[in-house]
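These are the residues of each chain, in order.
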There are 2 protein chains.
Amino acid sequence: MQNLKGISQKFLKSSFSLENTFISTEKALEWIKDQNRKVDVNIEKIPFDELNAWSFENDGLKISHDSGKFFSIEGIRIKTNWGGVKSWDQPIINQPEIGYLGFLTKEINGILHFLVQAKIEPGNVNFVQLSPTLQATKSNYTRAHKGKSPAYLDYFINAKPEEIILDQLQSEQGARFLRKRNRNIILKVEDGIELLDNFIWLTLAQIKVLMSHDNLVNMDTRTVISGIPFGNYTIDEIELFSFFDSKNQLETVEKKLLNSTLLKDKALHSFDSIISFVTKRKSFYELEVETIPLDQVRNWIIEKDCIRHEENKYFRIIATKVSIENREVMSWTQPMVEPAQEGLCAFVCKEIDGVLHFAVQVKLECGNFDIIEFAPTVQCLTGNYRNSKNGSLPFLDYILNIPKEQIVFDTLQSEEGGRFFKEQNRNMLVFSGEELALDLPENFIWMTANQLQLFIKFNNYVNIQARSLLAALTFKY
Amino acid sequence: MQNLKGISQKFLKSSFSLENTFISTEKALEWIKDQNRKVDVNIEKIPFDELNAWSFENDGLKISHDSGKFFSIEGIRIKTNWGGVKSWDQPIINQPEIGYLGFLTKEINGILHFLVQAKIEPGNVNFVQLSPTLQATKSNYTRAHKGKSPAYLDYFINAKPEEIILDQLQSEQGARFLRKRNRNIILKVEDGIELLDNFIWLTLAQIKVLMSHDNLVNMDTRTVISGIPFGNYTIDEIELFSFFDSKNQLETVEKKLLNSTLLKDKALHSFDSIISFVTKRKSFYELEVETIPLDQVRNWIIEKDCIRHEENKYFRIIATKVSIENREVMSWTQPMVEPAQEGLCAFVCKEIDGVLHFAVQVKLECGNFDIIEFAPTVQCLTGNYRNSKNGSLPFLDYILNIPKEQIVFDTLQSEEGGRFFKEQNRNMLVFSGEELALDLPENFIWMTANQLQLFIKFNNYVNIQARSLLAALTFKY
C-alpha cells in the first residue's frame with residue numbers, strides 16, 4: 001500500500017477539484033446523456049416458468065441458476081428479540097460469493113482521477129448510471145458467463161500491494177441480502193490505461209457533484225467512495241486548497257465537518273465508549289436465521305409471476321426478460337426484487353461543542369452478518385413512511401417537516417440495478433439547530449464523521465444506507 | 001465510559017505495581033494453594049447414557065441439555081478452499097449465547113486492583129485457577145440453573161456507562177466452538193465492594209507475574225486482560241513509573257515493546273495495508289459450515305462413552321460426572337471435550353527498524369465467525385506437533401529448536417475448564433535476531449503490539465490463542 005500521507009493528500013485534492021479536470025462536469029453530464037441515448041433497454045415482467053436457466057430447485061426450495069452460480073432467492077425464518085416482531089419469514093437474496101467493486105485511478109494534471117463506467121443495469125431508473133471501473137461477482141470473473149471477462153479485470157486480479165490505496169470488505173442491504181459483502185477496492189496505477197468507449201475520468205469532486213442529481217451515481221460507486229477518508233489533515237494542508245474561498249448555504253455545515261475531521265478529541269463520545277455501546281447491543285440482541293423452502297415462507301404467496309407478501313408490503317420477487325441493444329444485442333432472463341414503494345434514508349446532523357455529529361442508530365436487519373450495523377438516523381426502506389403515524393419511528397416526522405434551509409442534501413438514489421427493479425430511495429442530510437435536544441433514543445448515539453470513517457475500515461460495522469449518505473459529504477469545492 | 005487518558009494511566013500504573021498492593025504476590029500464591037486445599041474435586045468419565053438431563057436429541061442429532069440451554073455438541077460438515085483438506089466433518093460445541101467475562105476493579109492505595117476469583121472448574125489441570133470476577137453464560141445469569149445468581153452479577157447487569165472501562169466482544173477457540181463469543185468487560189466501581197471468601201484483589205502486574213506459572217491464570221482472565229491497551233503514553237508518562245530501573249534478560253524485549261507503543265508511525269505496514277491484507281483473504285477464502293446429525297459425521301465414531309476420530313486424532317467428546325466438595329457438595333454430569341494431546345501457541349517477535357513486531361498469521365478455523373482471524377505465528381492445538389516432519393508447518397521447527405536465551409515466555413496455559421478436560425497448551429514468546437529474515441510466508445504479516453491491540457477492539461479479528469499470548473506481554477515491573 002502506498003505512503004498514506006501522500007495518498008490522503010491525493011484523495012483530498014481530488015475531492016476539491018472541479019477545475020483542471022479531464023472533462024468538465026457539464027460535459028460529463030452530456031456524455032452520460034449520450035451514453036443513455038446510444039442504448040436501448042427493454043425489461044419485461046414474465047412468469048417464473050419462462051425464466052431460462054433459472055428454476056425452482058427441488059420443488060419450491062429456492063430459485064437458483066442452473067450453474068449454481070450468481071445468486072439464489074431463498075426463504076428464511078427469523079427469530080430475534082429485537083423490536084416488536086419476534087419472528088417472521090421472508091424471501092431473501094443469497095449471494096455468498098464476494099465480488100469486486102473497484103476503481104482504477106491515475107493522476108491527470110496532478111489530480112487523482114477515477115475511471116468511471118457508464119454502466120447499463122436493467123433495473124436502473126436511468127438505465128445508465130456511473131459505476132466503478134469494475135463491478136464483478138466471483139461468477140463474473142471466474143467466467144461462469146462463459147463470455148469475455150470484464151474490462152480492466154486483470155488490473156485487479158494482479159494488483160500489487162503498492163498499487164492498492166483502499167481495500168475494504170463492505171456489507172450490502174441487510175433486509176434484502178443474506179450476509180452479502182463485496183470487496184471495495186481502489187487502485188492507483190502508474191502506466192497508461194486504455195480509455196474504453198463507455199468509460200470516463202472524473203475527480204472525486206465531480207462524482208460528488210453528480211451525486212446531487214437523482215439516480216446518476218450508482219450504489220456501487222457510492223459504497224466505494226464512502227470509504228475514502230476525510231483525512232487527518234492539518235489546518236495548513238487544508239488551506240493549500242483555498243478551502244473557504246467562496247460562500248454558499250452549505251458553508252456552515254462544511255466548516256463543522258472540517259472541525260469534526262480536525263478536532264478528533266472533541267467528539268462527544270470516546271471511541272472506546274462507542275465500542276462499548278456496540279458490544280452491549282451485540283451481546284443482548286439475538287438474531288437466528290434459518291433457511292426454509294420458499295413454499296413454506298409464512299405470509300408470502302407464490303403466484304405464477306411473483307412472490308408477494310399477502311398484504312403487498314415490503315417487496316416482491318419477480319421474473320424479468322431483459323434485452324439490451326447497444327452495438328450488439330444481449331438478452332437474458334433473471335429474477336429481480338421489486339420494492340413495494342420508495343424509502344427514506346436520512347442522517348440528522350448537529351453541532352456539538354463546535355464539531356459536527358451524526359445521530360447514528362444501530363439497526364438489526366435479518367441479513368446482517370453480525371446482528372446489528374450502524375444505520376442512518378431514519379431508515380425506512382420498505383415501510384410506507386408517508387402514512388406513518390406520528391411518533392411511530394424516531395425522527396421521521398422531524399425530518400419530513402424540517403425547514404428547507406436545514407436540508408443540505410436531498411436526492412433520490414438508486415439501489416443496485418442488477419438485482420433491484422427500479423428501486424430508488426430518498427437520501428437526505430439535515431442539519432439541526434437548538435430545536436433538537438442532545439438526548440437520543442435507546443439505540444442511537446452521536447458520532448463524528450471521522451468516527452464513522454474509522455468503523456467503515458472494519459467490515460460489517462456501517463451499513464450501506466449510512467455509507468451511501470456519507471459518500472455525499474463534501475467540503476467546499 | 002470514563003475519561004480515557006485517566007483510565008489508561010490507571011491501567012499502566014496497575015500493570016507496573018508489585019508494591020503497595022492489597023496482598024503480596026507470594027501471599028497470593030499461598031492463598032491460591034489454600035483455596036485448592038480447601039476443595040475436593042472428583043471428575044469421573046461415564047457412559048453417555050448415564051448423563052443426567054443431557055441426551056442425544058432426536059436420535060443422534062446432537063447432545064443437548066433438556067432445558068435447551070448451556071451448550072450442545074453438534075456435528076458439522078465444512079467446505080473450504082483453505083489449506084490441503086477441502087472438506088471434513090467434526091463434532092463442535094455450539095453455545096450461541098453471549099456470556100459475561102467481567103472484572104470489577106477499584107483503586108487501593110491509588111493503584112487499580114482487579115477482583116480475581118479462585119474458581120473451581122472440573123476440567124482444570126489445577127482445579128482452582130484465577131478467573132475474572134464474573135464468568136457467566138446467559139443461562140447462568142438468566143438462572144437456567146434455578147440456583148442462586150453468580151456473585152457480583154448485579155454490578156454488571158446494572159453497569160452505568162461511566163463505570164465501564166473496557167467492553168469488547170471476543171471470540172473463543174474456532175476449532176472447538178461454533179462462532180462462540182463472550183462479552184469481555186471491566187468495570188471501575190467507586191463504592192465499597194464486599195470481598196467474598198474465594199476472591200482477592202490483585203494488580204495487573206501481579207496477574208501477569210502469576211501467568212508465568214503453569215495453569216494458574218485461566219483462559220477467561222487472559223482474554224479480558226489482553227484487551228487492556230498498552231496505551232499511547234508519552235515518554236514522560238512512562239518515566240513516572242521508573243521504567244528501566246532494573247536489569248534482567250527481558251529488558252531488550254521490553255524496550256522494543258515500549259518503542260512499538262510509542263513509535264506508532266514506525267510500524268513496517270500501515271494500518272490500512274493490514275486491512276487490505278485481511279480484505280484480500282476474506283474475499284478469497286470460503287468457509288461453508290453446515291450442521292449435520294452427529295451420527296452422520298464422517299470419520300468419527302460414536303461409542304458408548306466417547307465420540308472419537310477413527311485415528312484417535314484431534315479430540316474426543318466424553319461424558320463426565322463431577323462432584324465438588326467445598327463447604328457444600330455439588331454434583332452434576334456434563335459432556336466435555338478431551339484433547340488428543342497438548343498443543344503449542346507461539347509468537348515469533350523481531351525488531352524491525354527499532355520497533356518490536358510480531359509474525360502474525362491469518363488462520364481459518366471452522367468455527368470462526370468471519371472466516372479468518374489473526375493467530376499466533378505457530379498454532380497447532382490439535383496436531384501431533386512433536387512428530388511433525390521438518391517444514392510441514394512454518395516456524396514450528398524454528399521455535400522448537402530456538403536457543404533458551406531467545407525465549408521470553410514459556411509456560412503451560414489451560415483452556416476453559418468448564419468445557420475442556422485437562423487441556424493445556426504450551427504458550428511461548430520468542431525473540432528473533434538476524435537469523436530470521438523479514439520475508440514471511442503467504443498468510444503471515446508483521447504487526448506491532450499496538451496494531452494488534454487496535455484490532456482487538458473490533459470483534460472477531462484476533463483469535464483467543466493470540467490474545468492469550470498478548471496477555472502475557474509486560475513492561476518491566
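Predicted, not measured: the structure shown is a model, and the values here were computed from it. (Residues numbered from 1 in each chain as written. Chains lettered and ligands numbered in written order. Predicted model: local features only at pLDDT ≥ 70, side-chain atom pairs only at ≥ 80, totals over all residues. Heavy atoms only, no water.)

Enquirer: For this particular structure, what's the right way to read the overall build of chain A?
Expert: Scanning chain A from terminus to terminus reveals 12 helices and 24 strands. Counting all 477 residues of chain A, 60% fall into the buried class. Within chain A, contacts between residues separated by at least 24 positions form 74% of all contacts whose residues are at least 6 apart in sequence. Here chain A displays about 19,000 Å² of accessible surface, and carbon together with sulfur accounts for 47% of that area. (Helix = DSSP H or I, 4+ residues; strand = E, 2+ residues; numbered from the N terminus. Buried < 20%, exposed > 50% of the residue type's maximum accessible area, 1.4 Å probe, protein only. Contact = heavy atoms within 4.5 Å. Areas by Shrake-Rupley, 256 points an atom, 1.4 Å probe, with all protein chains shown as cover.)

Enquirer: When you look at the side chain of A:Lys350 in this model, what are you seeing that I'm missing?
Expert: Residue and element names in this part refer to chain A. Its location among the elements puts Lys-350 in strand 18 (residues 343-352). Of the side chains with opposite charge, Glu-434 comes closest to the buried, unpaired Lys-350, at an N-O distance of 5.0 Å. Side-chain polar atoms of Lys-350 contact the backbone oxygen of Gly-433, separated by 3.2 Å. When residues no more than four places from it in sequence are discounted, the contact partners of Lys-350 are Val-355, Leu-356, His-357, Phe-431, Ser-432, Gly-433, Glu-434, Leu-436, Ala-437, Leu-438 and Trp-446. (Lys, Arg positive; Asp, Glu negative; His and termini not counted. Salt bridge = Lys/Arg side-chain N within 4 Å of Asp/Glu carboxyl O. Polar contact = N/O pair within 3.5 Å; in protein donor to acceptor, adjacent residues only side chain to side chain.)

Enquirer: I would appreciate a short explanation of unusual backbone geometry in the present structure.
Expert: One can expect most non-glycine residues to show negative phi and most peptide bonds to be in trans. With a phi angle near 55°, A:Asn20 is a residue other than glycine that sits in the positive phi range. Of note, A:Asn20 is situated in the loop between helix 1 (4-16) and helix 2 (25-37). With phi around 70°, B:Asn299 is a residue other than glycine that occupies positive phi space. Tracing the sequence through the fold places B:Asn299 in the loop between strand 13 (287-292) and strand 14 (300-302).

Enquirer: Explain the relation of the copies chain A and chain B here, please?
Expert: Here the second copy of the chain follows from the first by a rotation about an axis and a shift along it. Superposing chain A onto chain B takes a rotation of 180° plus a shift of 0.0 Å along the axis, which leaves an RMSD of 0.0 Å. The two molecules are tied by a two-fold rotation axis, judged by turn and shift. The rotation axis passes nearest to the C-alpha of A:Phe458 in chain A, at a distance of 3.8 Å. Of the residues that chain A buries at the interface, 100% are likewise interface residues in chain B, meaning the two copies contact each other through the same surface. (Least-squares fit on C-alpha atoms with pLDDT ≥ 70 in both.)

Enquirer: Even after reading the chapter, I still don't get the state of the cysteines, so can you show me in this structure?
Expert: Between two cysteines, a covalent bond joining their sulfur atoms is known as a disulfide. If you walk through the whole model with that rule in mind, you get zero disulfides over all chains. Lacking any disulfide linkage, A:Cys345 is separated from the closest cysteine sulfur, that of A:Cys380, by 7.6 Å. When its relative accessible area of 2% is taken as the criterion, A:Cys345 is described as buried. Among the cysteines around B:Cys306, which has no disulfide bond, B:Cys366 carries the closest sulfur, lying 19 Å off. (Disulfide = S-S within 2.5 Å.)

Enquirer: Explain helix 2 of chain A to me, please; I cannot follow it from the model alone.
Expert: Every α-helix carries 3.6 residues per turn, so stepping three or four residues along brings you back to the same face. All names here are of chain A. The terminal C-alpha atoms of helix 2, which comprises 13 residues, lie 19 Å apart, in line with the 18 Å expected from a rise of 1.5 Å per residue. Along helix 2, the positions that sit buried rather than exposed are Thr-25, Ala-28, Trp-31, Ile-32 and Gln-35. Summarising the axial view, the buried residues of helix 2 lie within an arc of 105°, below the 170-degree limit, and thus occupy one face. Among the exposed residues of helix 2, those oriented more than 90 degrees off its buried face are Glu-26, Lys-27 and Arg-37. The elements touched by buried residues of helix 2 are strand 7 (111-120), strand 8 (128-131), strand 12 (199-202) and helix 5 (204-210). (Expected span 1.5 Å × (residues − 1). Arc of directions from axis to C-beta.)

Enquirer: Any chance you could explain the nonpolar core here in plain terms?
Expert: Among the nonpolar cores identified, the biggest contains 147 residues, and A:Phe358 and B:Phe358 are the most heavily contacted of them. The residues contacting A:Phe358, other than those within four sequence positions of it, are A:Phe347, A:Val348, A:Cys349, A:Leu429, A:Ile445, A:Trp446, A:Met447, A:Thr448, A:Ala449, A:Leu452, A:Leu470 and A:Leu473. (Core = buried A, V, L, I, M, F, W, Y, C linked by side-chain atoms within 4.5 Å.)

Enquirer: Before we go on, may I ask you to explain the interface of chain A and chain B in this structure?
Expert: Interface extent is often summarised as the accessible area lost during association of the parts. Counting from both sides, the interface comprises 30 residues of chain A and, opposite them, 30 residues of chain B. For the chain A and chain B pair, buried surface summed over both sides reaches about 2,900 Å², with 56% attributable to carbon and sulfur atoms. Residues A:Arg181 and B:Asp370 are paired through a salt bridge, measuring 2.7 Å at the closest nitrogen-oxygen approach. On inspection of chain A and its partner chain B, the count reaches 20 residue pairs in polar contact (both at pLDDT 80 or more). Looking at the side of chain A that touches chain B, the elements that each hand over two or more residues are strand 10 (164-171), strand 11 (181-188), helix 9 (271-284) and helix 11 (449-457) of chain A. (Buried area = accessible area lost by both parts, 1.4 Å probe.)

Enquirer: Teacher, can you tell me more about the packing of helix 9 (residues 271-284) of chain B against helix 11 (residues 449-457) of chain B here?
Expert: In a packed pair of helices, the relevant descriptors are the angle between the two axes and the axis-to-axis distance. Residue and element names in this part refer to chain B. The interhelical angle for the contact between helix 9 and helix 11, taken along N-to-C directions, is 60°, at an axis separation of 11 Å. Taken together, helix 9 and helix 11 sit at an angle that is classed as oblique. Crossing geometry of helix 9 relative to helix 11 is assigned as right-handed. Along its contact with helix 9, which presents Phe-271, Ile-274 and Ile-275, the element helix 11 presents Gln-451, Leu-454 and Phe-455. Class assignment for the residues of the contact of helix 9 with helix 11 results in five nonpolar, one polar and no charged. (Axes fitted to C-alpha atoms, helices over the stretch in contact; angles between N-to-C directions. Parallel < 35°, antiparallel > 145°, perpendicular 65-115°, else oblique. Left-handed = near helix turned anticlockwise from the far one by under 90°. Nonpolar A, V, L, I, M, F, W, Y, C, P; charged D, E, K, R; others polar.)

Enquirer: Could you clarify how one ought to interpret the packing of aromatic side chains in this entry?
Expert: Both the distance between ring centres and the angle between the ring planes are used here to describe each pair of aromatic rings. Taken as a whole and judged by the stated rule, the model has 42 aromatic pairs over all chains. Each ring, one from A:Phe103 and one from A:Phe114, has its centre 5.5 Å from the other, and the planes form 85°; the classification is edge-to-face. You can see A:Phe103 sitting in strand 6 (residues 99-108) and its partner A:Phe114 sitting in strand 7, a full 11 residues away along the chain. We classify A:Phe103 as buried; its relative accessible area is 0%. Centroid distance B:Tyr152 to B:Phe199: 4.8 Å. Interplanar angle 80°. Geometry classified as edge-to-face. Taken as a pair, B:Tyr152 in the loop between helix 3 (138-141) and helix 4 (153-157) and B:Phe199 in strand 12 (residues 199-203) lie far apart in primary sequence, 47 residues in all. Each member of the pair, B:Tyr152 as well as B:Phe199, is classed as buried. One aromatic cluster is present, formed by A:Phe271, A:Phe374, A:Phe455, A:Phe458, A:Tyr461, B:Phe271, B:Phe374, B:Phe455, B:Phe458 and B:Tyr461 through successive ring pairs. Directly above the aromatic system of A:Phe369 lies the positively charged group of A:Arg181, at a separation of 3.9 Å from the ring centroid. One residue, B:Arg281, lies across the ring of B:Phe277, its end atom 3.7 Å from the ring centre. (Phe/Tyr/Trp six-rings, centres within 6.5 Å; stacked < 30°, edge-to-face > 60°. Lys NZ or Arg CZ within 6 Å of the ring centre and 35° of its normal.)

Enquirer: How do you make sense of the confidence of the model for chain A when you look at a structure like this?
Expert: Reading fine detail from the predicted coordinates is not recommended where pLDDT is low. With 87% of its residues at a pLDDT of 70 or more, chain A shows a mean pLDDT of 87. Interface scoring of the predicted complex returns ipTM 0.90; its pTM is 0.91. (pLDDT = per-residue confidence, 0-100.)

Enquirer: Is there a simple way to explain the pattern of salt bridges in this structure?
Expert: Charged atoms that come close allow side chains of opposite charge to pair. The final tally for this structure, using the stated rule, is 42 salt bridges over all chains. With a closest N to O distance of 3.6 Å, A:Lys38 and A:Asp197 form a salt bridge. Highlighted residues: A:Lys38 in the loop between helix 2 and strand 1 (40-46) and A:Asp197 in the loop between strand 11 and strand 12, separated in sequence by 159 residues. Relative accessible area serves as the criterion here: at 45%, A:Lys38 is assigned to the partly exposed category. Overall, A:Asp197 belongs to the partly exposed group, its relative accessible area being 45%. The salt bridge partner of B:Asp167 is B:Arg183, with a shortest N-O separation of 2.9 Å. One end of the pair, B:Asp167, is in strand 10 (residues 164-171); the other, B:Arg183, is in strand 11 (residues 181-188), and 16 residues separate them in sequence. Given the relative accessible area of 2%, B:Asp167 is considered buried. A relative accessible area of 7% means that B:Arg183 is categorised as buried. When salt bridges with common partners are traced through the structure, they connect A:Lys10, A:Glu107, A:Lys188 and A:Glu190 into a single cluster.

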